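Report on the structure
If you want the building blocks of each chain, they are given just below.
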Amino acid sequence: MPLVRIHVPQGKSAEYRSIISDVIYNTTLTVLNVPEYNRFHVISEHSTTDLVIDPTYYGIHRSENAIIIQITLNEGRATLALKTLYYKALADGLHERLGLRREDVFINLVEVKKENWSLGNGEAQYA
Amino acid sequence: MPLVRIHVPQGKSAEYRSIISDVIYNTTLTVLNVPEYNRFHVISEHSTTDLVIDPTYYGIHRSENAIIIQITLNEGRATLALKTLYYKALADGLHERLGLRREDVFINLVEVKKENWSLGNGEAQYA
Amino acid sequence: MPLVRIHVPQGKSAEYRSIISDVIYNTTLTVLNVPEYNRFHVISEHSTTDLVIDPTYYGIHRSENAIIIQITLNEGRATLALKTLYYKALADGLHERLGLRREDVFINLVEVKKENWSLGNGEAQYA
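Residues numbered from 1 in each chain as written. Chains lettered and ligands numbered in written order. Predicted model: local features only at pLDDT ≥ 70, side-chain atom pairs only at ≥ 80, totals over all residues.

What follows covers the overall build of chain A. Along chain A, the regular secondary structure elements total two helices and six strands. Along chain A, helices (α) and strands (β) appear in the sequence β-α-β-β-β-α-β-β when read from the amino end. For a compact globule of 127 residues, the expected C-alpha radius of gyration is about 14 Å, and chain A comes in at 15 Å, within 12% of that figure. Taking the principal axes of its C-alpha atoms as reference, chain A extends roughly 40 × 30 × 25 Å. Per-residue burial for chain A yields a buried fraction of 47% across its 127 residues. (Helix = DSSP H or I, 4+ residues; strand = E, 2+ residues; numbered from the N terminus. Rg over C-alpha atoms; globule rule 2.2 N^0.38 Å. Buried ≥ 20, exposed ≤ 12 C-beta atoms within 10 Å, placed from the backbone.)

Listed below in structure tokens is the structure:
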């Protein structure tokens, strides 16, 4: 854990997508105190038809560069205070590294039990 | 929130996929009372090999047009009664707009805490 | 339920991907005692850029064949003991059928309420 899904508009370079992944990885280490090398990311590209991101909901102006990040992680890994720091650090990091507007970073967390992971070898390493 | 994933068999038109998204959006507004413009959908197309939907499980006869919808939303947004209305309204709406058989609509909800969303700007808007 | 997502590196054959799905289906029946024909799988292929799986985290040596499996299922379907058996049986089965190294099988479970499924027809069959 965590398992990260990253949904990106079609037409960005592989390097651009890799930098998104780098920023999420580094932010997860530094803000959520996850151990080094804990990186399991799935990136998908989508056409305009298939990545539907409202451009104004909640008074936030999103552009055609907006991305969706969904992160599955352990319950208890992040308090509310840490989640708030994490969202900010992700938006700041993506803005600094890629020029992505902070408005264009949509994040969702899904929390699961520690026993819900097998990192390989058919074992429940965190149980 | 909600974040909606829509898995569709390959070979449907972009318009067909957009109408699926429209129906889900409209149903979520009217049945779950979600605010207008709250629309964050990811659509994926899959070959027959890669979208494996059993044609008979639970006595329901599914066709090669069957789709899978997974919706991540806030805990407490929908009571059991509302969920039941929501499933019915989604199946009815997709049937009416696209002729999709009601048997071909598979839905799964994943519930998370309000603090688990950042809608942009690096803030936890619902916390 | 369950809903299974399978993320596979690009370049494997359709048969290879189908065997992964077969192993997961069979293991879910035999270990988790799910009814026959309960099979709803979504398989995606990803380039090396887009499927980022750390090759050493937690002291497990993963290869370029590593896959990620995420399974959404009902709370209470699997005790901790059953989850442990399930992870082992999945890794063993994939190794036996495909020669996939057990280190290359990453699994995550997401648990939801019984009322969170509609298997078709717009009804909440498990509620």
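Right, let's talk about the sheet that holds strand 1 (residues 3–9) of chain A for a bit. One open sheet accounts for six strands, arranged 6(B)-5(A)-4(A)-1(A)-2(A)-3(C); its pairing is mixed. Each edge of the open sheet is held by one strand with a lone partner, namely strand 6 (117–118) of chain B together with strand 3 (51–53) of chain C. Here strand 4 (residues 67–74) of chain A runs beside strand 5 (residues 105–112) of chain A; their pairing, made up of eight bridges, is parallel. Considered in strand 5 of chain A, the bridge of Ile71(A) is made with Leu109(A). (Pairing = 2+ DSSP bridges.)

With 33 residues of chain C at the contact, the number on the chain A side is 28 residues. Looking at the side of chain C that touches chain A, the elements with two or more residues in it are strand 3, strand 4 (67–74), helix 2 (80–98) and strand 5 (105–112) of chain C. No other element matches helix 2 of chain C, which puts eight residues into the side of chain C that touches chain A. Residue composition of the side of chain C that touches chain A, by class: 16 nonpolar, seven polar and ten charged. (Contact = placed C-beta atoms within 7 Å. Nonpolar A, V, L, I, M, F, W, Y, C, P; charged D, E, K, R; others polar.)

Along the chain, the position of Ile53(C) falls in strand 3. When sequence neighbours within four positions are dropped, the list of residues in contact with Ile53(C) reads Phe40(A), Arg62(C), Ala66(C), Ile68(C) and Phe106(C).

So, about the sheet that holds strand 6 (residues 117–118) of chain A. Taken in spatial order, the six strands make up an open sheet running 6(A)-5(C)-4(C)-1(C)-2(C)-3(B), and their pairing is mixed. Every interior strand has two partners, whereas the edge strands, strand 6 of chain A together with strand 3 (51–53) of chain B, have only one. Relative to strand 5 of chain C, strand 6 of chain A is paired through two bridges, and the arrangement is antiparallel. The residue bridging Ser118(A) from the neighbouring strand is Ile107(C), located in strand 5 of chain C. Helix-sheet contacts for helix 1 (residues 14–32) of chain C involve strand 3 of chain B together with strand 1 (3–9), strand 2 (40–46) and strand 4 of chain C, and the interaxial angle to strand 1 of chain C is about 145°. The sheet contacts of helix 2 of chain C involve strand 6 of chain A together with strand 5 of chain C, and relative to strand 5 of chain C the element is tilted by about 140°. (Axes fitted to C-alpha atoms, helices over the stretch in contact; angles between N-to-C directions.)

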